[in-house]
Amino acid sequence: MIQLLTPTHWKDYELIDSGDFEKLERFGNIVLIRPEPQAVWSKTLSADQWQKIHHIKFKGRSATAGDWVKKDPKTPDRWHIEYKNDDVAIKFRLGLTSFKHLGIFPEQAVNWDFISDNIKKFKTPTPKVLNLFAYTGGASLIAKAAGADTTHVDSIKQVVTWANENQELSGLKDIRWMVEDALKFVKREVKRGKTYNGIILDPPAYGNGPNGEKWKLEDSINEMMTDVIQLLDPEEHFLILNTYSLGFSSVIIENLIRKAFPKVENLEIGELYLQATAGTKLPLGVFGKFYKNKS
């Protein structure tokens, strides 16, 4: 059964509307218009409503860069928001980057809830969690706040620094920060005989390691999954594989997981989306996840 899941605990985020290759979103008290390649349908709200509601709009200059246009110059470039579910609360520093991102992917809150819920159920006293392609650390913060010994791996030093800011904002400490190529790190951990109770992978379609290593999702994900499975604690574990790639389906994710781990238990696959207040659903990636608890 393919699931369709959307976050249910957000107070500081709202997808207001989407369409015509754009999305209208509220982060805290600030409303932004950003490009959205998935939104091939028409907007629900009028152009006048979009213009009236928003504070900042991103205008692209190229495929990878652009500028933020503010209606009021006093609107800040950086601000904070909070995410809180039934188990934990974390905070993020958001910022207007030149490549349209703000430092958070709100649909990932579905996976954050899965992480905190499983850690709370574990019988292992201090479970170990590995977050790969970890970006600004949402999953790392959730895991740490839920009581896990957490390792955060990303290839971009500035992004890891940003994640550390989020750790401090959230009142947390002692996340292990690694500026590394994810695949190389995993292979070294396998050689060392390390194991983890939780592993999170949110790989990009394309990427580069700190030493110029090339990552292309369809070329490398099978090798990554084969290696990562060797790091899972056999008695008690969870794993999340999340991808945002227009060419990937949840059935591909299922096949990858079952081939790498034929003994998988409690496997769930599906699609993440954000529910707009105006009514449309915005699809934002596919996932596979599973867990095993000690009997």
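It should be emphasised that the depicted structure is a prediction, and the values quoted were computed from it without experimental measurement.

Here we take up the UniProt feature "domain: S-adenosylmethionine-dependent methyltransferase" (unreviewed entry) in the chain. Per the UniProt record, the feature "domain: S-adenosylmethionine-dependent methyltransferase" (unreviewed entry) sits at residues 55-210. Secondary structure content for residues 55-210 is 29% helix and 29% strand, and the end C-alpha separation is 35 Å.

This next bit is on the side chain of Asp 154. With respect to the helices and strands, Asp 154 occurs in strand E10 (residues 149-154). Within the buried set, Asp 154 has no salt-bridge partner at all; the shortest N-O distance to an opposite charge, 13 Å, is to Lys 157.

Looking now at the packing of aromatic side chains. One pass over the full model with this rule turns up 13 aromatic pairs. With a centroid separation of 6.1 Å and an interplanar angle of 65 degrees, the aromatic rings of Trp 10 and Trp 112 are classed as edge-to-face. Of this pair, Trp 10 sits in the loop between strand E1 (2-5) and strand E2 (13-19) while Trp 112 is found in helix H2 (residues 109-121), placing the two residues 102 residues apart along the sequence. With 5.1 Å between their ring centres and 35 degrees between their planes, Phe 105 and Tyr 135 make a pair best called tilted. Of this pair, Phe 105 sits in the loop between strand E8 (89-95) and H2 while Tyr 135 sits in the loop between strand E9 (128-132) and helix H3 (138-145), and the two are 30 residues apart along the sequence. Among the aromatic residues, those joined into a ring-pair cluster are Trp 10, Tyr 13, Phe 27, Tyr 83, Phe 92 and Trp 112. In this structure, Lys 43 packs its charged tip against the face of Trp 50, placed 4.1 Å from the ring centre. Across the ring face of Phe 287, the terminal group of Lys 289 is positioned such that the distance to the ring centre comes to 5.1 Å.

To continue, consider the sheet that holds E2. Spatially, E2-E3-E4-E5-E6 is the arrangement adopted by the 5 strands of the open sheet, whose pairing is mixed. Of all strands in the sheet, those bounded by a partner on one side alone are E2 and strand E6 (66-70). The mean angle between the axes of side-by-side strands here comes to 20 degrees, regardless of whether they run parallel or antiparallel. Inspection of the sheet shows E2 paired to strand E3 (residues 22-27) by 6 bridges, in the antiparallel sense. If you follow Tyr 13 over to E3, its bridge partner there is Phe 27.

What counts, and where the lines are drawn
Sequence order as written defines the numbering, with residues in each chain counted from 1. Given that this is a predicted model, residues contribute local features only at a pLDDT of at least 70 and side-chain atom pairs are listed and counted only at 80 or more, while totals for whole chains, interfaces and linings are drawn from all residues. The side-chain numbers reported here are obtained from all heavy atoms of the structure, hydrogens and water having been left aside. UniProt positions are given in the numbering used here, feature names are shortened, and annotations may be inferred rather than shown by experiment. Helix numbers and strand numbers start at the N terminus; a helix is a DSSP run of H or I with at least 4 residues, a strand a run of E with at least 2. For every residue, the accessible area obtained with a 1.4 Å probe (protein chains only) is divided by the maximum for its type, and the residue is called buried under 20%, exposed over 50%, and partly exposed between those limits. The sign given to each residue is positive for Lys and Arg and negative for Asp and Glu; His and the chain ends receive no count. We count a salt bridge whenever a side-chain nitrogen from Lys or Arg sits within 4 Å of a carboxyl oxygen from Asp or Glu. Two rings belonging to Phe, Tyr or Trp (six-membered ring only in the last case) form a pair when the distance between their centres is within 6.5 Å. Interplanar angles under 30 degrees mark stacking, angles over 60 mark edge-to-face geometry, and anything in between is tilted. Remark: a charge is flagged as sitting over a ring if the NZ atom of Lys or the CZ atom of Arg is within 6 Å of the ring centre and within 35 degrees of the ring normal. The rule for pairing is simple: two strands pair if DSSP sees at least two bridges between them. For helices, the fitted line uses only the C-alpha atoms of the stretch in contact; every axis is such a line through C-alpha atoms, and the angle between N-to-C directions lies from 0 to 180 degrees.

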